[in-house]
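Reading the structure
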Amino acid sequence: HQSAARMATNQLIQFLDYGMDARSGLPYHGYLVSNQCKQGMIGWGRACGWFLFGMAEYLFWIKNTEYNEIFPGEYIRIREACLKFLAVVESYRLENGHFSWQLPAIEGPADSSATGLITVAILRLVQAGIMEEKEGLHFANLGLKAIATSEKNGEIMDCSAECEGFGCYPQVYASYPWSVGPAIMADALYD
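A few points on the structure. Quick caveat: nothing in here was measured; it's all calculated off a predicted structure. (Residues numbered from 1 in each chain as written. Predicted model: local features only at pLDDT ≥ 70, side-chain atom pairs only at ≥ 80, totals over all residues. Heavy atoms only, no water.)

Turning our eyes to something else, we now look at the pairing of strand E1 (residues 28–31). Along any regular strand, the residues point their side chains to alternate faces of the sheet. For E1 and strand E2 (residues 38–42), the ladder comprises three bridges, and the chain directions are antiparallel. Paired with Tyr31 across the bridge in E2 is Lys38. Here E1 hands over to E2 after six residues, with Gln36 in that stretch at a positive phi of 55 degrees. (Pairing = 2+ DSSP bridges. Helix = DSSP H or I, 4+ residues; strand = E, 2+ residues; numbered from the N terminus.)

With that settled, the discussion passes to the pattern of salt bridges. Under the definition given, this model contains five salt bridges. Among the salt bridges present, the one from Glu74 reaches Arg6, with a minimum N-O distance of 2.7 Å. With Glu74 in helix H4 (residues 72–90) and Arg6 in helix H1 (residues 2–18), the pair connects residues that are 68 residues apart, well separated along the chain. (Salt bridge = Lys/Arg side-chain N within 4 Å of Asp/Glu carboxyl O.)

This next bit is on the nonpolar core. Met55 and Phe85 are the most contacted members of the largest nonpolar core, which has 45 residues in total. Those elements that place two or more of their residues in this core are H1, helix H2 (45–62), H4, helix H5 (112–127) and helix H6 (133–149). Sequence-distant contacts of Met55, that is, excluding residues within four places in its chain, are made with Leu12, Leu16, Ile78, Cys82 and Phe85. Listed in part, the six residues of the second largest apolar core include Trp44, Ala47, Trp101 and Tyr169. (Core = buried A, V, L, I, M, F, W, Y, C linked by side-chain atoms within 4.5 Å. Buried < 20%, exposed > 50% of the residue type's maximum accessible area, 1.4 Å probe, protein only. Contact = heavy atoms within 4.5 Å.)

Here's what the structure looks like:
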């Protein structure tokens, strides 16, 4: 178990070191390990959701184990970076409660997958006792209401299509597993 916890810690720390845009506080889609060159766009909504979700899951699962004592400085760094990143993400929430397919593109299409992943992350942070419950449930409620407006016949529409690689973000919106899954998980966690 310690090797898995070490690997998760390393991956998050490396993304914080090499994958973030210093000016905006948003992540690039990714980076090349060989030269730490940042790749893809800054602030892709689903990437922001996945990264926030990854940090929240890490914090949720590692909080009450011996691993947060084995790597205490890294645990604290990830916790602080997660809350700081969440504040940046929340500054881009659209009036309708969704997040855009690219967070700074506030006049572009909403993306239910980004909204779902960010909502799940918020609820996990509340469960972990890392985020204040009242604030977290407020933000989660905004996300769940937005997701509900995208529901049609059991499908979660308004989801951007499969990314085809760094810099390839088709502007096609429908229902996909990466919108349905996070929506179901967010609803279950909220209950």
